[in-house]
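Coordinate inspection notes
Here is how the chains run, residue by residue.
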Amino acid sequence: MLDLQQLRKDLPTVINGLARRHVVFDEAQFRALEDERKKRQIETEELQAKRNAASKQIGMMKAKGEDTTTVMAEVAGWGDIQKANEVALGELQEKLNQFLRQIPNIPHADVPVGKSELDNVEVRKWGTPKTFNFTVKDHVDIGEALGGIDFETAAKLSGARFSVLRGSVARLHRALAQFMLNTHTLEHGYTEVYVPYMVNDHCIDGVTNLEKFRDDGFKIDGRDMYLIPTAEVPVTNFVRDEIVDAKQLPMKFACHTPCFRSEAGSYGKDTRGMIRQHQFDKVEIVQIVAPENSLAAHEELTRHAETILQKLELPYRTMLLCTGDIGFASAKTYDLEVWLPAQNTYREISSCSLYEAFQARRMMARVKNQQGKTEYLHTINGSGLAVGRTLVAILENYQNADGSVTIPTVLVPYMGGVTKLEMPK
RNA sequence: GGAGAGGUGGCAGAGUGGUCGAAUGCACCAGACUCGAAAUCUGGCGUACGGUUUUACCGUACCGUGAGUUCGAAUCUCACCCUCUCCGCCA
């Protein structure tokens, strides 16, 4: 949610900022709502003040045993007027609130203007894609040949966009999550957290737009609960409705959860394999920081995610998303894209976003700073990394001519010393 | 699922219709005392929204949530949510 104060005091900056991401701010509607709200609010509060004073007077007169019939007669009709006022004001404020909540974040000045992902800017590239002296297979063929990925059984159980992993591939999947968590907690200073996988609608609306989310999320039938689309939702909401002490910052959390997404808008996209699933595991890293530190913290967090790819020796590139491609709540986003030999291209494996105060305003998450003033926190999160897609990247990048897959060195201890996934005999 | 208790400021905890945004204690901040600290004393100390003469003053709202009764609700009524205890069931 944008800052209402800023809209009132400095509308041009907001309009220009949104224009950079090709969003047209409806100035006429905003001004009309604001004017009406202001008029109605002043009127309502003034009458209420009058009524409060009269009631207080009645109380004092009764205490002294005086006759109050005259005053009470005067006040009698005010209640109904006031009720009508309050209803009207409430409706106006709700409209204004709805209006505000549908507006996306203003892109940070660093973000390049662009229309689509084609305009994203590569800021760095790491590693060199390996050349293979045989025809590379994709992760589906590799995994099925190893007896480790089973889409048929998954389809029987749950339908499309699910997978069953078996044996050493299932273990590799687990090893990856463990390795990521250990790296972030032991080397990057994050605190490991375990959280609910179902959350209420306040949590969803705190980090994104609930209306937008409805199409892409899974709701629990008969309850106001949703399956989390990412650990960002429960973890960021730790600070909802809180005023934290400046000494508690920065907060850094690492969290491994499954993520559930309906993928409603992606029919026909990535239908093969594990790239796009209704359920996938992810290790999420989240930072909650003081406003003045957020830009640097975002860079740091992005590097933390990159570290995982480097340790796994997977070639990747870091993309700065353009204004046309950043998410609703984001002010600035880096996507990490890993090299997938079978697709002969880089594919997203992590998204690291800086939200500034956008989520904090929705969540009422604030900090009492050193000067004793209350201000909104800044929130940052990123995938560190998506476990399923990392598994895909390893199967494809580490495949051998005989169908086996070499285990990256850092994962060997997590695999109980196994250095290679072998073809079944 | 059954029975009971309860939800008040950062925390603890009073308050059962009227100068209650709310006693008191703790915590916190500032000052005094002190060489310094502790102890003690004095003062301050919620949030959101709005207005204005915009680092200040004034107003409105907020005692789990929503609705109701009333001139007036933390206090009374109803519904809902949540927490805790015991029993049952259960990974």
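Here's what I pulled together on the structure shown here. Owing to the predicted nature of the structure, the values given are computational and were not obtained by experimental measurement.

With respect to the packing of aromatic side chains
Summed over all chains, the structure comprises 10 aromatic pairs. Judged by centre distance (5.5 Å) and plane angle (75°), the rings of Phe-132 and Phe-134 are edge-to-face. Put simply, the rings of Phe-25, Phe-30 and Phe-99 touch in pairs and so form one group of aromatic residues. Just above the ring of Tyr-398 sits the side chain of Lys-130; from NZ or CZ to the centre is 5.7 Å. Sitting over the face of the ring of Tyr-190, Lys-252 holds its NZ or CZ atom 4.9 Å from the ring centroid.

Here we look at unusual backbone geometry
Only a minority of non-glycine residues have a phi that is not negative, and only a minority of peptide bonds are not trans. A cis amide bond links Leu-249 to the next residue, Pro-250, at an omega of -5°. Cis geometry marks the peptide bond from Gly-384 to Leu-385; its omega dihedral reads 10°. Within the element layout of this structure, Leu-385 appears in strand β16 (residues 378-386). Positive phi is not limited to glycine here, since Arg-161 has a value of about 65°.

A few points about the pattern of salt bridges
Under the definition given, this model contains 22 salt bridges. The partner of Asp-141 in a salt bridge is Arg-272, with the nearest N and O atoms 3.0 Å apart. Within this pair, whereas Asp-141 is found in helix α6 (residues 139-145), its partner Arg-272 is found in the loop between β9 (251-260) and β10 (279-289), the two being separated by 131 residues in sequence. A relative accessible area of 34% places Asp-141 in the partly exposed class. We classify Arg-272 as partly exposed; its relative accessible area is 44%. Put simply, Glu-122, Lys-125, Arg-317 and Glu-337 are held in one network by salt bridges that share partners.

A short note on the protein's contact with RNA strand B
As a structural note, the neighbourhood of RNA strand B is formed by 25 residues, with Arg-8, Gln-41, Arg-51, Ser-55 and Arg-366 the closest of them. Of everything in RNA strand B that lies within 4 Å of the protein, sugar and phosphate atoms constitute 69%. Interatomic distance of 3.1 Å between a side-chain N/O atom of Arg-37 and a sugar or linking oxygen of RNA strand B. Within the contact set of RNA strand B, a phosphate oxygen lies 3.3 Å away from a side-chain nitrogen or oxygen of Asn-52. Secondary-structure elements contributing two or more residues to the surface near RNA strand B are α1 (4-9), α3 (27-63), α4 (69-75) and β14 (366-368). For the surface near RNA strand B, the leading source of residues is α3, giving 15 residues. The residue inventory of the surface near RNA strand B, partitioned by class, reads 8 nonpolar, 7 polar and 10 charged.

Rules used throughout
- Residues numbered from 1 in each chain as written.
- Chains lettered and ligands numbered in written order.
- Predicted model: local features only at pLDDT ≥ 70, side-chain atom pairs only at ≥ 80, totals over all residues.
- Heavy atoms only, no water.
- Phe/Tyr/Trp six-rings, centres within 6.5 Å; stacked < 30°, edge-to-face > 60°.
- Lys NZ or Arg CZ within 6 Å of the ring centre and 35° of its normal.
- Helix = DSSP H or I, 4+ residues; strand = E, 2+ residues; numbered from the N terminus.
- Salt bridge = Lys/Arg side-chain N within 4 Å of Asp/Glu carboxyl O.
- Buried < 20%, exposed > 50% of the residue type's maximum accessible area, 1.4 Å probe, protein only.
- Near = heavy atom within 4 Å.
- Polar contact = N/O pair within 3.5 Å; in protein donor to acceptor, adjacent residues only side chain to side chain.
- Nonpolar A, V, L, I, M, F, W, Y, C, P; charged D, E, K, R; others polar.

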